[in-house]
Structure formats: C-alpha cells, structure tokens
Amino acid sequence: LPDFGVPPMWCTENGLREISREGRHIVDEVVLGGRVAAGASPRGGEARVRIYLVSAESQRDVDTALALSRGMKRALASSSAVSSFGGVDLITLGHDIFSPEGGNERRGVDLNALCPRTEYDSTDLNAQVKEELSKQMPESAYQDVVDLAVDLGAIDRESGPFSDRKEMGLQHELLREIAEMGFYSRASDISPPFLPGATNDDMLKLINVADRIRSGHGLDNIMAAKRGLVLAKSVMRALEERPDEDNAITVTIYVGHDSNIDHIATALGLRWVTEYQLEEPSQTSSFVSTPPGSGMIFSRSPGDGNKVSMSYIYAKNLMERTSGEPSYEITPMFTHDEGRSRNEGGGGRLSEISVTALEGRLERTIERYPALRTCYLNSPVVYGETIRGRKEMGRDYSGR
C-alpha cells in the first residue's frame, strides 16, 4: 500500500491544504455566491455571516474541520462584501448525531447509546445489503474489474481470496481497498502513486466498482437509514431561520465521513452524478460517488419561502494532479426512489424541493423501517454554536 507519510487515519498535508482551498471556494461560491442557507443575500458591504461547524470526533474529522475553517476565515476576512462574521473558530463535536449507536459497534451493543443496535438491525441488514449489492454490481462488470486488477498486478487469481467464490465478502473488501488506495494516492499527489501502471481510465473503472461496493453496504438499508435519519433531523433544523441572527447569512457545516453522506442520501432518497461515475444512477445502478472533500449542500433563502436548493460539491481532476490544483464542481442533487428519478411533479432532475416534501421523504423512510421511529424522535438536534462579541481577523462581530 502507498506511504502517505502520516499515521493511519490521519489527513495528509496535501489533503488539508486542499480542504482549506475548498473552504475559500465555499465562501466565494456558496456563501457569497447566492447559494446561502437561511439568511440574507449580501448587499454591498452589509453582509453579516455566522458559521456553525459540527464535526465527528475522530482526529481526521476535526483536522478537516480546522482546515476548512482556516480557508473560510481567510475568505471572509478578505471579502469586501462582508462587514462582520463569527463562529468560524468554534467547532462543536456531534458525537450523538454521528455515532447514534454509541462507540465502535464491533465492541458490542452499547445500551446507553442514543439508538442501540438491535436484533432487528442485524437480522435484516445482511439480506438488505445482499439485495442492494446485486443491483449495484452485475457479475460481468465485477469480473471485468477483477481481470483489470490482475493485469495491474494488484491481486493473484490463483491463490488467496480471489481464487475462492466463497470469499466474495473479502474479495469486495480487498478490491475496494485497492481502488481507494490508487485513487487517494493520486488525489494526495503521492509519488509514485499506488498502482503506478494504471491509466486514468483504469482508475475510473476501479473506483466505480469501489463506489458500488460501498454503496451496496452503505445505502438503502436499516443501518444507513438509522444513521441518516438522525443526521438529517439536524440538517433540516439547521435550515430553519433562527430569530436571534439579525438577518445574517447563516452556514452550518457537518464534517464527517463518506458513509455519513451515504446515510443522509438514504434518509432523504437523494442521488447526484460526478465526473468519476462512468454511468448515471438508474434502476439497475444507483450508487453514489463521494470523492475526497465532497459534500451535500442544502440552501434556503428567506425570499424562497418553502423551497430548498440541493446540490453536491466535489473536487475535479483529482487523478490528474500534474495538471495543477483541482477545481470544484457544484452539481444538482435529485430525488431517487427505488431506481426512479422523480420530483414532486414527476420524473427528472431537480435542484429545488419544498421543505414539506423533504420532511415527507424522512417520514417515508421511517414508514419503511418503523423500528427507527423512536430513535428519530429521541435524537437531539445539533447545529453548532457561534462566537459573539469578539473580533475575527480584525473585523468586529457585533452580535448581541
């Protein structure tokens, strides 16, 4: 495996640098570029901005949140469109919403957790994952990528798990690891990257299968729904206007893992398309792509009434770092239920949906998994805190 130059589960220096750049991009294109959530649009130099940062508890998540805040702070401090801002230095740890089942599930059931794992979860989960994997990854497509991994010298078909059909679960785990290490080493600008003989087309084929495997385990099952419902509850509350915000632009950012994105996609029934997907989601292929640093954007402005704009941000050109720094793409998210793309009025893409419709989608997920209703109702709402009455980067934030 590649040497990333940091201990396991840490962020690389290049990775943190790119996240900081993304923070600046979010301020310029999302916060001040019209995609604002529950706040006022900038008018000349009158814009007031409040940031809420909520992070999962692992070191890489907190480091990511810190890097993001540094980039956002620089952009806010240098913008002539911003009169004051606050909250960007304060990170709230959201243990209960990122880990509703308590600690590491492999250590057993935590009965004191917000939503303890139940026998119902375990009984149904394996069947649901098996069904989802069968939709995500046709056998022929899987074998083609196994052949590619053999040609690249990554695996040996004559020995080990790839020689035994009974080891399909381990095969999936290893193939996903191989693909992700190849992708991440290129995104982190490691030289030489893992699988140096792989072309960009080869890497796209590998990462698509990795995404299918991850989606098969992390989308549209009871565990994904449980975690997604808890997170989505806080996201929905964060979109509400807060009476003490003095007409400020408010931005709430949740920093977690790619699996958390999968879980929210399950709870709300959402999909999107990135340049790393070889085909768009369809009835037979509804996997999602979560490149490093990517995330969902839900935006709501007072003038839009009941409407929420939905989009997805991700870094492009991660496999071509020799061409320079990656650029960022913001692409629409759309609803996707059981293989059918649709919105309130029928099929197709949408970038807007009503708050009422989003709430209805959460309710339908609960109806599909009725055992999760208590967990959802008891889950807390976490959308961070803000700093008031202090100077930020030489600007006086005058919140009451």
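Here's a quick rundown of the structure. (Residues numbered from 1 in each chain as written. Predicted model: local features only at pLDDT ≥ 70, side-chain atom pairs only at ≥ 80, totals over all residues. Heavy atoms only, no water.)

Before going further, it helps to spend a moment on the side chain of arginine 186. Relative to the elements of secondary structure, arginine 186 occurs in helix H6 (residues 168-187). One buried charged residue, arginine 186, forms no salt bridge at all, with the nearest opposite charge on aspartate 202 at 7.8 Å. Here the side chain of arginine 186 touches leucine 195 through a polar contact of 2.6 Å, landing on its backbone oxygen. (Helix = DSSP H or I, 4+ residues; strand = E, 2+ residues; numbered from the N terminus. Buried < 20%, exposed > 50% of the residue type's maximum accessible area, 1.4 Å probe, protein only. Lys, Arg positive; Asp, Glu negative; His and termini not counted. Salt bridge = Lys/Arg side-chain N within 4 Å of Asp/Glu carboxyl O. Polar contact = N/O pair within 3.5 Å; in protein donor to acceptor, adjacent residues only side chain to side chain.)

What follows is about the environment of tyrosine 276. Turning to its location among the elements, tyrosine 276 is positioned in the loop between strand S5 (270-271) and strand S6 (295-299). On a C-alpha basis, the gap between tyrosine 276 and lysine 316 in space is 8.5 Å, while along the polypeptide they are 40 residues apart. When residues no more than four places from it in sequence are discounted, the contact partners of tyrosine 276 are Phe183, Leu204, Ile207, Asn208, Ser289, Pro291, Tyr314, Ala315, Lys316, Asn317, Leu318 and Met319. (Contact = heavy atoms within 4.5 Å.)

Attention now goes to H6. In a regular helix each residue adds 1.5 Å, so 20 residues correspond to 28 Å; H6 covers 28 Å between its end C-alpha atoms and thus fits that length. Positive backbone phi, approximately 60 degrees, marks aspartate 189, located one or two places after H6. (Expected span 1.5 Å × (residues − 1).)

Core analysis: the biggest nonpolar cluster contains 75 residues, and Met296 and Phe298 have the highest contact counts within it. The biggest single contributor to this core is helix H8 (residues 222-238), with nine residues. The contacts of methionine 296, once residues within four sequence positions are left out, are Ile261, Ile264, Ala265, Trp272, Ser311, Tyr312 and Met333. Grouped together as the second largest cluster of nonpolar side chains are 28 residues, Val27, Val30, Val31 and Val251 included. (Core = buried A, V, L, I, M, F, W, Y, C linked by side-chain atoms within 4.5 Å.)

Bringing the packing of aromatic side chains into the picture now. Describing an aromatic ring pair means giving the distance of the ring centres and the angle of the ring planes. Summed over the entire model, instances satisfying the criterion amount to five aromatic pairs. Residues tyrosine 276 and tyrosine 314 carry aromatic rings whose centres are separated by 6.0 Å and whose planes lie at 70 degrees to one another, so their mutual orientation is edge-to-face. You can see tyrosine 276 sitting in the loop between S5 and S6 and its partner tyrosine 314 sitting in strand S7 (residues 307-315), a full 38 residues away along the chain. Of the residues examined, tyrosine 276 reaches a relative accessible area of 2% and is grouped as buried. By relative accessible area, tyrosine 314 is classed as buried at 4%. Directly above the aromatic system of tyrosine 376 lies the positively charged group of lysine 233, at a separation of 5.4 Å from the ring centroid. (Phe/Tyr/Trp six-rings, centres within 6.5 Å; stacked < 30°, edge-to-face > 60°. Lys NZ or Arg CZ within 6 Å of the ring centre and 35° of its normal.)

All right, on to the pattern of salt bridges then. Here the structure, examined in full by the defined rule, presents 10 salt bridges. One salt bridge connects arginine 214 with aspartate 211, and the closest N-O pair in it is separated by 2.9 Å. Here the residue arginine 214 and the residue aspartate 211 both occupy positions in helix H7 (residues 200-218), the gap between them amounting to three residues, near one helical turn. Look at the salt bridges and you will find they share partners, linking Asp211, Arg214 and Asp262 into a network.

A few words now on unusual backbone geometry. Here the residue pair serine 191 and proline 192 is connected by a cis peptide bond, since its omega of -5 degrees sits within 30 degrees of zero. By secondary structure assignment, the location of proline 192 is in the loop between H6 and H7. Positive phi, close to 70 degrees, is recorded for methionine 9, a residue that is not glycine. Note on placement: methionine 9 falls in the segment before helix H1 (13-31).

Next up on the list: the packing of helix H9 (residues 258-268) against helix H10 (residues 355-368). Put simply, H9 and H10 touch, their axes get as near as 7 Å, and they point 95 degrees apart. By the angle between their axes, H9 is roughly perpendicular relative to H10. Residues Thr266, Ala267 and Leu268 of H9 form the contact with H10, whose participating residues are Leu358, Arg361, Leu362 and Thr365. Broken down by class, the residue content of the contact of H9 with H10 amounts to four nonpolar, two polar and one charged. (Axes fitted to C-alpha atoms, helices over the stretch in contact; angles between N-to-C directions. Parallel < 35°, antiparallel > 145°, perpendicular 65-115°, else oblique. Nonpolar A, V, L, I, M, F, W, Y, C, P; charged D, E, K, R; others polar.)

Judged by how many residues are buried, strand S2 (residues 82-86) sits mostly within the fold: four of five residues are covered. Inspection of the sheet shows strand S1 (residues 47-55) paired to S2 by four bridges, in the parallel sense. Each residue of the ladder has a partner; that of valine 49, found in S2, is phenylalanine 85. Taken together, S1, helix H2 (residues 59-78) and S2 form a β-α-β motif whose crossover is right-handed. (Pairing = 2+ DSSP bridges. Right-handed = clockwise from strand over helix to strand, strands pointing away.)

We now examine the pairing of S7. As a general feature of sheets, a regular strand has side chains that alternate between the two faces. In terms of burial, S7 is largely enclosed, as seven of its nine residues are buried. Pairing geometry for S6 and S7, over five bridges, is antiparallel. Across the sheet, residue methionine 296 finds its bridge partner in S7, namely tyrosine 312. In this structure, S7 lies alongside strand S12 (residues 352-354), joined through three bridges in antiparallel fashion. Across the sheet, serine 309 pairs through a bridge with glutamate 352, a residue of S12.

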